[in-house]
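Spelled out from the first residue to the last, the chains are:
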Amino acid sequence: MSDAANEHDAFVDPTAWVDEYGDYLFRFAMLRVKNEELANDLVQETFLAALKGKETFAGQSAPRTWLVGILKHKIMDHFRKSSREVSLETNDGGPVEAEKLFTTDGPMPGHWVDGLGPKEWGGSPSEAIEKQEFWHALQSCLKTLPDRLAQVFVLRELDDADHTEITQTMNISQTNYWVMMHRARAQLRQCLEKNFYQGGISS
Amino acid sequence: MSGEKMTVMQRMMMVVANRLPNCQKTAELVSESMDRSLPVGTRIKVWMHLKMCSLCQRYADQLRFIHIAVHDHGDRLLEPSEGTPAMSNDCKNRIKRALRESS
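No experiment lies behind these values; they were computed from the predicted model shown. (Residues numbered from 1 in each chain as written. Chains lettered and ligands numbered in written order. Predicted model: local features only at pLDDT ≥ 70, side-chain atom pairs only at ≥ 80, totals over all residues.)

Comments concerning the overall build of chain B
Argument step 1. In terms of helices and strands, chain B carries 5 helices and 0 strands.
Argument step 2. Put simply, chain B runs from its N terminus to its C terminus through helices and strands in the order α-α-α-α-α.
Argument step 3. Here chain B has a C-alpha radius of gyration of 26 Å; the compact-globule value for 103 residues is 13 Å, and the former is much larger.
Argument step 4. Referenced to the eigenvectors of the C-alpha coordinate spread, the extents of chain B come out at roughly 90 × 30 × 20 Å.
Argument step 5. A burial count over chain B gives 24% of its 103 residues as buried.
Argument step 6. The contacts in chain B between residues at least 6 apart in sequence include a share of 58% that link residues at least 24 apart. (Helix = DSSP H or I, 4+ residues; strand = E, 2+ residues; numbered from the N terminus. Rg over C-alpha atoms; globule rule 2.2 N^0.38 Å. Buried ≥ 20, exposed ≤ 12 C-beta atoms within 10 Å, placed from the backbone. Contact = placed C-beta atoms within 7 Å.)

So this is what it looks like as structure tokens:
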């Protein structure tokens, strides 16, 4: 269905939004909150808010872009609220994979542990990006990250939020932010290496 | 004497190497440099470490690749696939009901 056609439908019957954009918005939410029930709720709130604000949407953007914008706000609100609740706990999230990569003793601590240093990936990056398997691997690797690490990483890399906005939303210190991003990237890199590059599906 | 000179050179190299961040610190700084620009002195130290350490150079390259993939092509993470759960029909119907009730 073309955007113009379903834009028309949407204003006649908002329930058509659900069939047209429900799955996309749900996947969008799931990448960020990893909880089905919560993702469903956020998508429902998004549609209801969209219905209320229908008049403000004068077709400046594609309906999906408009809905995603609303959903993004809902997700940020959710992070803000849930971060307030957990702010007294350790908020760097879960076991620290990134720290196991480096030696802690010996004459020169802080070097790559034998066998855990980054391996040659082979193939060109642009080829990898073209492959469906790469994205499947990346998706499942994102799921292995501790929740808070994944949220911070996605906010930064996927949603292009800057670090000041992220530290405020997630209620973390600046220092904690650098540490969390480092851990998220290190763990993702290692997971991709294992699941994509060494699983024999990269070539 | 050239022997003496070498010792001085070696000593200078040692001083430089000792002042450079180790691999763990370098990995942290490489990540940080992707979110903000580091002070010039730190940037030079990271650069020197990467010049001397092929593992960390590889790490930096791979991290940059992951950044480009996610940042520039991240939409592909939203394509439907076998692994990703879809919204259930029950839920869709629930939302439709809610929409009808409030319209």
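Structural notes on the overall build of chain A
Argument step 1. Helices and strands together make up the secondary structure of chain A, namely 9 helices and 0 strands.
Argument step 2. Per-residue burial for chain A yields a buried fraction of 35% across its 203 residues.
Argument step 3. Sequence separation of 24 or more characterises 69% of the internal contacts of chain A that already satisfy a separation of 6 or more.

Some details on the interface of chain B and chain A
Argument step 1. Counting residues at the interface gives 42 residues for chain B, matched by 45 residues for chain A.
Argument step 2. For the side of chain B that touches chain A, the element with the most residues is helix H4 (residues 54-73) of chain B, which contributes 12 residues.
Argument step 3. Split by residue class, the side of chain B that touches chain A holds 19 nonpolar, 13 polar and 10 charged. (Nonpolar A, V, L, I, M, F, W, Y, C, P; charged D, E, K, R; others polar.)

Considering helix H2 (residues 23-33) of chain B
Argument step 1. For H2 of chain B, a buried count of 8 out of 11 residues is recorded, marking the element as mostly surrounded by other parts of the structure.
Argument step 2. Among the residues making up H2 of chain B, those that are buried are Cys-23, Gln-24, Thr-26, Ala-27, Glu-28, Leu-29, Val-30 and Ser-31 of chain B.
Argument step 3. Structurally, H2 of chain B contributes buried residues whose contacts are with helix H9 (174-197) of chain A together with helix H3 (40-52) and H4 of chain B.

Focus: the nonpolar core
Residue and element names in this part refer to chain A.
Argument step 1. By size, the foremost hydrophobic cluster in this structure holds 66 residues, and its most contacted members are Ala-29, Val-43, Leu-71 and Val-152.
Argument step 2. Take this core: its biggest share by element is 10 residues, from helix H2 (residues 15-33).
Argument step 3. Counting residues domain by domain, this core receives three or more from each of domain 1 (3-86) and domain 2 (97-197).
Argument step 4. Non-local contacts of Val-152, meaning those with residues more than four positions away in its chain, are made with Ile-166, Met-170, Tyr-177, Met-180, Met-181 and Ala-184. (Core = buried A, V, L, I, M, F, W, Y, C linked by C-beta atoms within 7 Å. Domains from an automatic or database assignment.)

A few points about the environment of Leu-138 of chain A
Argument step 1. Along the polypeptide, Leu-138 of chain A turns up in helix H6 (residues 132-144).
Argument step 2. Taking the C-beta count within 10 Å as the criterion, Leu-138 of chain A has 24 such neighbours and is therefore assigned buried.
Argument step 3. As for Leu-138 of chain A and Asn-195 of chain A, which are separated by 57 residues in sequence, their C-alpha atoms are 8.6 Å apart.
Argument step 4. Apart from residues no more than four positions distant in its own chain, Leu-138 of chain A is found in contact with Leu-192 of chain A together with Leu-77 of chain B.

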